[in-house]
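# Coordinate analysis (summary)
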Amino acid sequence: MTVRGAVPLGALSAACGVAAAVLLPVLTTNQALLSWAFLVLLYTALAQSWNLLGGFGGQVNLGHAAFFGLGALATRMLWLGGAPVILALAAGTGAATAAGIVIGAPSLRLRGPYFAIGTLAIAEILRITTGNVLPDVSSLPAGDLARYALAPRYYLAVFAAVTITSAAWWLARSRFGHGLAAVREDEAAAEAIGVGAFRHKLGAFALSSGFAGMTGGIFAYYHVSFYPAFVFSPVWTFDPLVIVYLGGVGTVWGPLAGAAFFVVLQEVLSLQVGEPHLLVFGLLFLVVVIAAPGGLVEALRALCRPGARRPAEVGSPPPA
Amino acid sequence: MPGSAAPLLQVAALSKAFGGLLAVDDLSFTIDPGEVLGLLGPNGSGKTTTFGLVAGALRPDRGDILFAGRPVTRWPASRRAAVGIARTFQLIRVFLSLTALENVLVACLYGRGRARSPARARADACALLEQVGMAHKRDARARDLTLGERRRLEIARALATRPRLLLLDEPVAGLTATEVDAAVALFRGIRAEGVAIALVEHNVRAVRALCDRVVVLHAGRKIAQGTPEDVFAHAAVVAAYLGRR
Amino acid sequence: MTVLWQNVVFGALIGGLYGLAAVGLSLVFGVLNMLNVAHGELLMLGGYAAFWLFTLFGVDPFVSILPSAAALFVVGLVLYRVLFERLASAPGETKLKNSILIGFGVSLVLQTLALIAWTADERAVTTAAAGAVLPLGGAVVPVVRLGALIVAFLALGGLHLFLRRARFGRAIRATADDPGAASLVGIPVGTVFAVAFGLGSALAGVAGALVSTTDAVSPAIGLSWTLKALIVVVLGGVGHVFGTFVAGVLLGVAESVSGFFLGNAYREVMGLVLFLVVLSVRPQGLFARE
Ligand SMILES: Nc1ncnc2c1ncn2[C@@H]1O[C@H](COP(=O)(O)OP(=O)(O)OP(=O)(O)O)[C@@H](O)[C@H]1O
Ligand SMILES: [Mg+2]
């Protein structure tokens, strides 16, 4: 017999969290706090989008930056070209989803390490080509700059983080999510019970890349000036990967926990010791991969319920 | 019973080579609805390969497979599972980091019984775990189960697809005598529900207890078929098992 | 025409280094079924070893090859024992995936350590021979680059002989074929794994020392060298020392020829595109048997 009220409690705290996030700009005018919260939400969204395929689907995509970058580039061009930002963002998300399907179909057929390397190669091709075709920095026109406000960017980030986390929540419960977990565990065995491995991986890939594009679009709306090639930089793959593993790979709340930890630690470390915060993240990442594959979420669970068996939840187990 | 209706599975002139090695060579046989067919033969004679071909994990080089009158030779494994072909693996393949319940639940959601509600699927999965004697291990991760438990879990998972034909690849290997008896009783029950079974098994006792008919393979070719009694009396079978052929 | 020819020559020269960088990666992949994506960072460390030996003590990088290889052998051994060894008994897919993740963490750490220790500045070694060139059919061949190519070739020849003739080399090959069988006939598989990883790293050290003579060394060069090595491994197939070398030269030539036709900015893109094409057509590599 499961504890009644356990689910409403979870739903309640999720609702409270969303309400707090939505109210934050009303409650405070502290811009530093708001940009900090924006970054946590942006990283949550990006990390969760990687997690949909990498954590729930078990496919290590090292080319996530490709989709973040496509979404960012398309959104930025349309928006600066005069389109309403919502439309531009939708188009960016759509472009990244389409690219995900086009790129995912052949690359998901690759075996062994070649999926990871192939996706990395695609992202690098896009980065170098973008740098060559669009060498000039993209800056907001003076008029936009004068009208710039953080709040709309912030609300879009809330929207993305909530939407993508909901998608993960759905994956942890739905038929598709159960099928995807089976494929992650053992493709041949999944096929033998009727789960089309390729279709599931491609579906997860499309979701993952579409949401990465959405996050990229918000970044493009947020950032005042950047080089177009920058949105294809490998950091947009590597940061979410580190965040997901720190937080708890294949879990619904891991990306949020990891992103908050990542942003806070980054702030603290860069105040204290300067650049080398990456060293700390690299070492922590290694510790998690080797010794604590559940990440922060698992550690918190163990703290809250010492000795208790974890409830069954699809995707919660880390790929050992 | 054999011959009373159109066969459920028809395998015709099936061949499969790995490099230069003919693992299955011009093999034909049928399985009727509700029948239990034993597939015998020495190590490396092509039994597991035959299962792989029927279940769709392997593509044949030549030959045809008809299931319930439909040619499924070119179908992927998942589609065959959806029309009622289920299997277990010789080297057990459960979903290691999922719980026992989740292992069975996902098969309830897919397979032949797919379109039911998640709540219904959960209830079915619990009932199946009960049926194979695994109800108490419902929330245990598959990686924490013993070999015997994993085997039962794999059978429950195959049953969860609502198969019309169940391919069992050495399902009692490594089990104790009491466990073998329990497994035989379980298979009888499955058969009583009208599910046809193809059984690969070296355990002669289990074969005699379960099979209506057996087919004997040697080096990928069919060398004998008939009732268990007839076949075990057949000199060629004994020779094949002793490797003197 | 001469410019094109010059491009081909330059491409072949740099391609030799690609081949050398790839052979170390390929050795580890072939023997352990692990993909060390920090291979480029190991090469970077080798480059710094040669740079500092030259800057502090005036040691010629062609001499530094030996200490650099030795140092990287030890680094590889330690990395293997501390991080990668625990994967040795995992099933294939898990092993590969986790080795990629661990390698990724290692590359992050090494890159940041290099940044802290040596700053982000690009370093290069300029020896007395730096400007010298030889004529070759209308093109010029920088002596240092030619030297690097020859050393790379010799290093691979040595590796080839070691794997074919030496007792331990044969043990490595047997283990690559079938670890289970190798351990049954008394080969100390655990030691073979560790040594193979060390050897792969030492080859990265040799490559790094050579790279320091011709190209810039900085903390950030790792990813691009890892990618080059991966491309070459896919082109050449796993387990063929000279096939890998030839594939490296081919990649170098393909890059510089496409750079000639499409503009220098696209030379890397061509390599990557070639890689994707080969992956989709022949996932087992251009020169692999079967
Ligand atoms: N994937 C494969 N690649 C290459 N050869 C294979 C492959 N699968 C099976 N074989 C070979 O095909 C032959 C038939 O193998 P199969 O597994 O079908 O035999 P089996 O009758 O199931 O044997 P056992 O009783 O040992 O399970 C064997 O010689 C085996 O080595
Ligand atoms: Mg078999």
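The notes below deal with the structure included here.

## Some details on the overall build of chain C
- Regarding its fold elements, chain C presents 11 helices and 2 strands.
- Helices (α) and strands (β) of chain C occur, in sequence order from the N terminus, as α-α-α-α-β-β-α-α-α-α-α-α-α.
- Rg of the C-alpha trace for chain C: 18 Å, near the compact-globule value of 19 Å for 290 residues, within the 12% margin.
- In terms of principal-axis extent, the alpha carbons of chain C reach across some 60 × 45 × 35 Å.
- Looking at chain C residue by residue over its 290 residues, the buried ones come to 54%.

## Points about the interface of chain A and chain C
- Taken residue by residue, the interface counts 36 residues in chain A and 35 residues in chain C.
- Summed over both partners, the interface of chain A with chain C buries about 3,200 Å², with 84% contributed by carbon and sulfur atoms.
- Of all residues in chain A, Y114, I117 and I290 of chain A bury the most surface against chain C, accounting for 18% of the area lost on that side.
- Between chain A and chain C we count 0 salt bridges in total.
- At the boundary of chain A with chain C, the tally comes to 2 residue pairs in polar contact (both at pLDDT 80 or more).
- Broken down by secondary-structure element, the contributors of at least two residues to the side of chain A that touches chain C are α5 (114–133), α11 (235–247) and α13 (277–291) of chain A.
- The biggest single contributor to the side of chain A that touches chain C is α5 of chain A, with 13 residues.
- For the side of chain A that touches chain C, the residue count by class is 28 nonpolar, 6 polar and 2 charged.

## Focus: helix α3 (residues 61–84) of chain C
- For α3 of chain C, with 24 residues, the first-to-last C-alpha span of 30 Å runs short of the 34 Å given by 1.5 Å per residue.
- Within α3 of chain C, the full set of buried residues consists of P61, S64, I65, S68, A69, L72, G76, L79, Y80, L83 and F84 of chain C.
- Where the residues of α3 of chain C are buried, they touch α13 of chain A together with α1 (2–32), α2 (39–57), α4 (92–118), α5 (143–165) and α8 (189–214) of chain C.
- Capping the start of α3 of chain C, D60 of chain C holds a side-chain oxygen 2.8 Å from the backbone nitrogen of F62 of chain C, two or three residues further along.

## A closer look at the coordination of the magnesium ion (ligand 2)
Residue and element names in this part refer to chain B.
- All of the protein donors around the magnesium ion (ligand 2) are T48 (OG1) and Q90 (OE1); their distances to the metal are 1.9 to 2.1 Å. Placement of the pair is T48 in helix α1 (residues 47–55) and Q90 in the loop between β6 (85–87) and α3 (100–109), with a sequence separation of 42 residues.
- On the accessibility criterion, Q90 (33% relative accessible area) is partly exposed.

Cut-offs used in this document
Residues numbered from 1 in each chain as written. Chains lettered and ligands numbered in written order. Predicted model: local features only at pLDDT ≥ 70, side-chain atom pairs only at ≥ 80, totals over all residues. Heavy atoms only, no water. Helix = DSSP H or I, 4+ residues; strand = E, 2+ residues; numbered from the N terminus. Rg over C-alpha atoms; globule rule 2.2 N^0.38 Å. Buried < 20%, exposed > 50% of the residue type's maximum accessible area, 1.4 Å probe, protein only. Contact = heavy atoms within 4.5 Å. Buried area = accessible area lost by both parts, 1.4 Å probe. Salt bridge = Lys/Arg side-chain N within 4 Å of Asp/Glu carboxyl O. Polar contact = N/O pair within 3.5 Å; in protein donor to acceptor, adjacent residues only side chain to side chain. Nonpolar A, V, L, I, M, F, W, Y, C, P; charged D, E, K, R; others polar. Expected span 1.5 Å × (residues − 1). Donors = N, O, S within 2.8 Å, 3.2 Å for Na, K, Ca; no water.

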